[in-house]
Amino acid sequence: MSDDTLDLNPVELATELTIAWLANPNTRTNADDVPAFLNKMYETVSVLVGGNASAAEPEAAAPEYTPAVTARKSLASQDHIISMIDGKKYKTLRRHLATNGMTPQEYRERYGLKADYPMVAPTYSEARRTMAKSIGLGRKPGQSATPKAEVPAAKPAPRKRKTEEATAE
């Protein structure tokens, strides 16, 4: 392979990679293993170069995932949702799914769930909603915490008489 041109001949690339692998002093192999390695290297390089895709093994079918619990059982409690991945209880599934390298959409597709399958337990969701309302989230600037219709009309404070003011001093 020359330095000036990019030659993508899979046979030459596989041979060079095999020679480099054998030249490594840490590689200990039998002479019988070299042809199998060279053959596998050729198949891999062919697929990467795009020259001979038929030499590669066909892709395995998508694995079937069996849920740890049924969808109905996972939503049976108001306090938690049971994960179909490991069968454990969670208030919210988002972080659990992220640690497993999944998005909520992928989780729903994997287990055949509806698009409105919840990711947060109802009780936890309501507690967060109540807390957010109490600190004023979701209001526009300048709005009061309660709507004006619910605020009772304030009575003016009674005025003190002159005699009461004199005795108070």
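Note that this is a predicted model, so its numbers are computed, not measured.

Caption draft 1: Layout of the overall build of the protein. Each helix and strand counted, the protein has seven helices and two strands in total. Beginning at the N terminus, the succession of helices and strands in the protein can be written as α-α-α-β-β-α-α-α-α. Counting across all 169 residues of the protein, residues that qualify as buried make up 17%. Considering only residue pairs separated by 6 or more positions, the protein has 40% of its internal contacts joining residues 24 or more positions apart. If you sum the accessible surface of the protein, you get close to 13,800 Å²; carbon and sulfur atoms cover 54% of it.

Caption draft 2: Seen up close, the nonpolar core. In this structure, Met 84, Leu 93, Leu 97, Tyr 107, Leu 113, Tyr 117 and Met 119 are the most contacted members of the largest nonpolar core, which totals 13 residues. If we ignore the near neighbours within four places in the chain, the residues touching Leu 113 are Ala 71, Met 84, Tyr 107 and Arg 108.

Caption draft 3: Region of the structure containing the packing of aromatic side chains. This model, assessed by the stated rule, comprises three aromatic pairs. With centroids separated by 3.8 Å and ring planes inclined at 20°, the aromatic side chains of Trp 21 and Phe 37 adopt a geometry described as stacked. On the criterion of sequence distance, the pair formed by Trp 21 in helix H1 (residues 10–23) and Phe 37 in helix H2 (residues 33–49) is long-range, its members being 16 residues apart. Seen in terms of ring centroids, Tyr 107 and Tyr 117 are 6.3 Å apart; in terms of plane orientation they differ by 50°. Their pairing is tilted. Taken together, the positions of Tyr 107 in helix H5 (residues 104–110) and Tyr 117 in the loop between H5 and helix H6 (122–134) put the pair 10 residues apart, joining distant regions of the chain.

Caption draft 4: Fine view of the side chain of Thr 18. Examined against the element boundaries, Thr 18 turns out to sit in helix H1. For Thr 18, a relative accessible area of 5% puts it in the buried group. Sequence-distant contacts of Thr 18, that is, excluding residues within four places in its chain, are made with Val 34, Phe 37, Leu 38 and Met 41.

Caption draft 5: Layout of a nonpolar patch on the surface. A cluster of nonpolar side chains, contributed by Met 131, Ile 135 and Leu 137, occupies part of the molecular surface with about 320 Å² of accessible area. Its relative accessible area of 46% is what places Met 131 among the partly exposed residues.

Caption draft 6: Representation of the pattern of salt bridges in the model. Counted under the stated rule, the structure contains one salt bridge. Notably, a salt bridge pairs Glu 126 with Arg 129, separated by 3.2 Å at the nearest N-O pair. One end of the pair, Glu 126, and the other, Arg 129, are both in helix H6, three residues apart, so they sit about a helical turn from each other.

Caption draft 7: Local environment of H6. When the terminal C-alpha atoms of H6 are compared, their 18 Å separation across 13 residues agrees well with the 18 Å that a helix rising 1.5 Å per residue should span. Immediately downstream of H6, the backbone of Gly 136 shows phi near 95°, a positive value.

Caption draft 8: Spotlight on the packing of H1 against H2. Two elements in contact, H1 and H2, have axes separated by 8 Å at closest approach and are oriented at 135°. As far as their axial angle goes, H2 and H1 are oblique. Crossing handedness for the pair H1 and H2: right-handed. Touching Pro 10, Val 11, Leu 13, Ala 14, Thr 15, Leu 17, Thr 18, Trp 21 and Leu 22 of H1 are Val 34, Phe 37, Leu 38, Met 41, Tyr 42, Val 45, Ser 46 and Val 49, all from H2. The residue inventory of the contact of H1 with H2, partitioned by class, reads 14 nonpolar, three polar and no charged.

Caption draft 9: Geometry of the side chain of His 96. Structurally, His 96 can be placed in helix H4 (residues 94–99). At 2.8 Å, the side chain of His 96 and the side chain of Ser 83 are in polar contact. When neighbours within four sequence positions are excluded, His 96 is seen to be in contact with Ser 83, Ile 85, Asp 86 and Tyr 90.

Procedures and definitions
- Position numbers for residues start from 1 in each chain and track the written sequence from start to end.
- Reporting in this predicted model follows two pLDDT cut-offs: at least 70 for local features of residues, and 80 or more for side-chain atom pairs to be given and counted; totals over whole chains, interfaces and linings ignore these cut-offs and use all residues.
- Water and hydrogen atoms play no part in the side-chain values, which are based on all heavy atoms of the structure.
- Think of it this way: any DSSP run of H or I at least four residues long counts as a helix, any run of E at least two long counts as a strand, and we number them from the N terminus.
- Three labels apply to residues, based on accessible area from a 1.4 Å probe with only protein chains included: buried if under 20% of the type maximum, exposed if over 50%, partly exposed otherwise in between.
- Contacts: residue pairs with any heavy atoms within 4.5 Å of one another.
- Values of accessible area rely on a 1.4 Å probe in the Shrake-Rupley scheme; residue burial ignores everything except the protein chains shown.
- As used in this record, nonpolar core signifies buried Ala, Val, Leu, Ile, Met, Phe, Trp, Tyr and Cys residues forming a set joined through side-chain atoms within 4.5 Å.
- Only centres within 6.5 Å qualify two rings of Phe, Tyr or Trp (six-membered ring in Trp) as a pair; their planes then separate them into stacked at under 30 degrees, edge-to-face at over 60, and tilted for everything else.
- Patches draw on residues past 30% relative accessible area with no salt bridge. Two like charges within 9 Å are joined, as are two nonpolar side chains (Val, Leu, Ile, Met, Phe, Trp, Tyr) within 5 Å.
- Put simply, a salt bridge is a Lys or Arg side-chain nitrogen that is within 4 Å of an Asp or Glu carboxyl oxygen.
- Given the number of residues in a helix, its expected span is that number minus one, multiplied by 1.5 Å.
- A fitted line through C-alpha atoms represents every axis, and for helices the fit uses only the stretch in contact; the resulting angles, taken between N-to-C directions, go from 0 to 180 degrees.
- Any angle between 65 and 115 degrees counts as roughly perpendicular, while under 35 counts as roughly parallel, over 145 as roughly antiparallel, and the rest as oblique.
- Whether a crossing is left-handed or right-handed is set by the direction in which the near helix is turned from the far one by less than a right angle, anticlockwise for left-handed and clockwise for right-handed.
- Here the term charged refers only to Asp, Glu, Lys and Arg, the term nonpolar to Ala, Val, Leu, Ile, Met, Phe, Trp, Tyr, Cys and Pro, and the term polar to all other amino acids, Gly among them.
- Pairing of N or O atoms within 3.5 Å defines a polar contact, subject to two protein rules: one partner must be a possible hydrogen donor and the other a possible acceptor, and residues neighboring in sequence count only if both atoms are side-chain atoms.

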